[in-house]
Amino acid sequence: MNIRKKAAHDNPALGALWERSVRATHDFLSEDHIQRLRCLVQESYLPMPELEVWVCQDAIGIAGFIATSGHNVEMLFIDADRRGQGIGRILLDHVRARHPTLSVDVNEQNPQGVGFYEHYGFIQTGRSPLDNEGNPFPLLHMALRAREIETVENA
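What you see is a predicted model; the values in this text were computed from it and never measured.

Thresholds applied
- Residues numbered from 1 in each chain as written.
- Predicted model: local features only at pLDDT ≥ 70, side-chain atom pairs only at ≥ 80, totals over all residues.
- Heavy atoms only, no water.
- Helix = DSSP H or I, 4+ residues; strand = E, 2+ residues; numbered from the N terminus.
- Expected span 1.5 Å × (residues − 1).
- Buried < 20%, exposed > 50% of the residue type's maximum accessible area, 1.4 Å probe, protein only.
- Contact = heavy atoms within 4.5 Å.
- pLDDT = per-residue confidence, 0-100.
- Pairing = 2+ DSSP bridges.
- Axes fitted to C-alpha atoms, helices over the stretch in contact; angles between N-to-C directions.

1. Concerning helix α1 (residues 11–25)
Part 1 of the argument: In this model α1 runs 21 Å from its N-terminal to its C-terminal C-alpha over 15 residues, within 8% of the 21 Å that 1.5 Å per residue would give.
Part 2 of the argument: Restricting attention to buried positions, one finds in α1 the residues N11, L14, G15, A16, L17, W18, E19, S21, V22 and T25.
Part 3 of the argument: Packed against the buried residues of α1 are α2 (31–45), β2 (52–58), β3 (61–69), β4 (72–78) and α4 (111–120).

2. Things to note about the confidence of the model for the protein
Part 1 of the argument: Considering every residue of the protein, the mean pLDDT works out to 90; 94% of them sit at 70 or more.
Part 2 of the argument: Taken element by element, the protein is modelled with least confidence in helix α5 (residues 147–154), mean pLDDT 47, and with most confidence in strand β6 (residues 123–128), mean pLDDT 97.
Part 3 of the argument: Low pLDDT (under 50) marks residues 148–153, which in the prediction has 4 contacts with non-local residues, meaning those over four places away or in another chain.

3. Side note on the pairing of strand β7 (residues 139–144)
Walk down a regular strand and you will see the side chains alternate between the two sheet faces.
Part 1 of the argument: Looking at chain direction, strand β5 (residues 102–107) and β7 are connected through 6 bridges and run antiparallel. For V106, the partnering residue across the bridge sits in β7 and is L140.
Part 2 of the argument: In terms of strand pairing, β6 meets β7 through 5 bridges, oriented antiparallel. Among the inter-strand pairings, Q124 is bridged to a residue of β7, identified as M142.

4. Observations regarding the sheet that holds strand β1 (residues 2–5)
Part 1 of the argument: Pairing is mixed across the open sheet formed by 7 strands, whose spatial order is β1-β2-β3-β4-β5-β7-β6. Lying at the two open borders of the sheet, with one neighbouring strand each, are β1 and β6. Recorded for the sheet is a direction-independent mean angle of 30 degrees between the axes of neighbouring strands.
Part 2 of the argument: The pairing of β1 with β2 spans 4 bridges and is antiparallel. Bridging across to β2, I3 finds its partner in C56.
Part 3 of the argument: Here α1 sits on the sheet and contacts β2, β3 and β4; the angle it forms with β3, its principal contact strand, is near 90 degrees.

So, in C-alpha cells, the structure goes:
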C-alpha cells in the first residue's frame, strides 16, 4: 500500500469511492441525501485547501482516503470492496504520526464506523442530536488520547 497526498485529478475517483463506501455503511441516508452529499464531497470538501487529504493506493487502485483539518479527522472512507483489509487502520496510523491526538465525529446510525473507531482506541466525548447540516442524524464526538499519555500510563 502506498499513501500519498491527494492530487486534484483524484477528486472524481474519490467522490465515486465515497459514494460506494456510504452506500455500504450509511443505510439511514436517502438517495437524495447521498446524491447531494456526493456533489458536496467531490466539488466542495475535497478541494478545500485547509483539508489535508491522503490517498491509500495499491496496484488495484485507490482503496481509501482520509482527510484531516488539524487533529480532526473530517473524512475516512474505504472502498466498499476493500473494507476489512486494514486500510482504515493504515490511514489512521499515517495521520496519527503527524498528530499525537485525533478527534472525529461519526454518525451514530453507522455502527460499523463507531465500532471501527472504538476498536482503534477512540472514546466517546459527546453527542449532538443533529449532523453539521442540521439533519436528524446524530453525531458521536470521539477522541483518541495522545500517545505520550498512553506510554506513561502503560509504563
